[in-house]
Amino acid sequence: MRWTIALLLLGMSSAAAAAPSRAPLYDTVRLNIGINCQWRQKCIVDQQRAMNRALSYVKTQRPSAAKVQLCNRNAARGRYRVDWIGFDNCMRNSALRPVSLRVYKRRFH
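We now turn to the structure provided with this report. Here the structure is a predicted model, which is why all the values come from computation and not from measurement.

### Observations concerning helix H3 (residues 41-61)
Okay, step 1: For H3, which comprises 21 residues, the first-to-last C-alpha distance of 30 Å matches the rise-based estimate of 30 Å (1.5 Å per residue) to within 8%.
Okay, step 2: Those residues of H3 not exposed but buried are Ile44, Gln47, Ala50, Met51 and Ala54. One face of H3 carries all of its buried residues, which in axial projection span an arc of 130°. The outward face of H3, more than 90 degrees from its buried face, is lined by the exposed residues Gln41, Lys42, Lys59 and Thr60.
Okay, step 3: On its buried face, H3 is in contact with helix H2 (28-37) and helix H5 (84-92).
Okay, step 4: Two residues or fewer past H3, Arg62 is found with a positive phi of approximately 50°.

In structure tokens form, the structure reads like this:
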């Protein structure tokens, strides 16, 4: 009886340890970062750090919606993929100014 309990506990602990190593199919942010980084751990750590920095910067500094949209376009890697390091660098770049609608209309119309 002791052996069966020990084997059962061993099986449960190995299943619990294997759970975090599976692909994050239901966590879209981790899936996005994993695909961008081709599942390289150093790249994933760098992207997650940049994501946390960028989100805390946006939360505390409250930049304009136009700047957030500009940085989203600059950091896009396809339709649904975002490079968080690029987004973080763009948000912290004080030299970037969104083009006003008036200047846009003068140039292209």
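### Looking at the environment of Asn93
Okay, step 1: Within the secondary structure layout, Asn93 lies in the loop between H5 and helix H6 (101-108).
Okay, step 2: Between the C-alpha atom of Asn93 and that of Cys71, which follows or precedes it by 22 residues, the distance is 9.9 Å.

### What about the nonpolar core?
Okay, step 1: Ranked by internal contacts, the top residues of the largest apolar core, which has 13 residues, are Ile33, Cys71, Trp84 and Phe87.
Okay, step 2: Elements supplying a minimum of two residues to this core: H2, H3, helix H4 (65-75) and H5.
Okay, step 3: Once residues within four sequence positions are removed from consideration, Trp84 is found in contact with Asn32, Ile33, Gln47, Ala50, Met51, Ala54 and Leu55.

### Thoughts on the environment of Cys90
Okay, step 1: Note that Cys90 resides in helix H5.
Okay, step 2: Looking at Cys90, the relative accessible area reads 6%, which means it is buried.
Okay, step 3: Separated by 36 residues in the primary sequence, Cys90 and Ala54 have C-alpha atoms spaced 9.3 Å apart.
Okay, step 4: Excluding anything up to four places from it in sequence, Cys90 contacts Lys67, Cys71, Asn74 and Leu96.

### Thoughts on the packing of H3 against H5
Okay, step 1: It is the contact of H3 with H5, at a shortest axis distance of 8 Å, that shows an interaxial angle of 30°. Relative to H5, H3 is oriented so that their crossing is left-handed. Judged by residue contacts, Asp46, Gln47, Ala50, Met51, Arg53, Ala54, Leu55, Tyr57 and Val58 of H3 engage Trp84, Ile85, Phe87, Asp88, Met91 and Arg92 from H5.
Okay, step 2: Tallied by class, residues from the contact of H3 with H5 come to 10 nonpolar, one polar and four charged.

### Things to note about unusual backbone geometry
Okay, step 1: Its identity as a non-glycine residue notwithstanding, Trp39 has a phi of 60°, on the positive side.
Okay, step 2: Looking at where Trp39 falls in the secondary structure, it is placed in the loop between H2 and H3.
Okay, step 3: You will see that Arg62, though not glycine, has its phi angle at about 50°, which is positive.
Okay, step 4: As for its placement among the helices and strands, Arg62 is situated in the loop between H3 and H4.
Okay, step 5: The class of Arg62 is exposed, set by a relative accessible area of 68%.

Definitions and cut-offs
Residues numbered from 1 in each chain as written. Predicted model: local features only at pLDDT ≥ 70, side-chain atom pairs only at ≥ 80, totals over all residues. Heavy atoms only, no water. Helix = DSSP H or I, 4+ residues; strand = E, 2+ residues; numbered from the N terminus. Expected span 1.5 Å × (residues − 1). Buried < 20%, exposed > 50% of the residue type's maximum accessible area, 1.4 Å probe, protein only. Arc of directions from axis to C-beta. Contact = heavy atoms within 4.5 Å. Core = buried A, V, L, I, M, F, W, Y, C linked by side-chain atoms within 4.5 Å. Axes fitted to C-alpha atoms, helices over the stretch in contact; angles between N-to-C directions. Left-handed = near helix turned anticlockwise from the far one by under 90°. Nonpolar A, V, L, I, M, F, W, Y, C, P; charged D, E, K, R; others polar.

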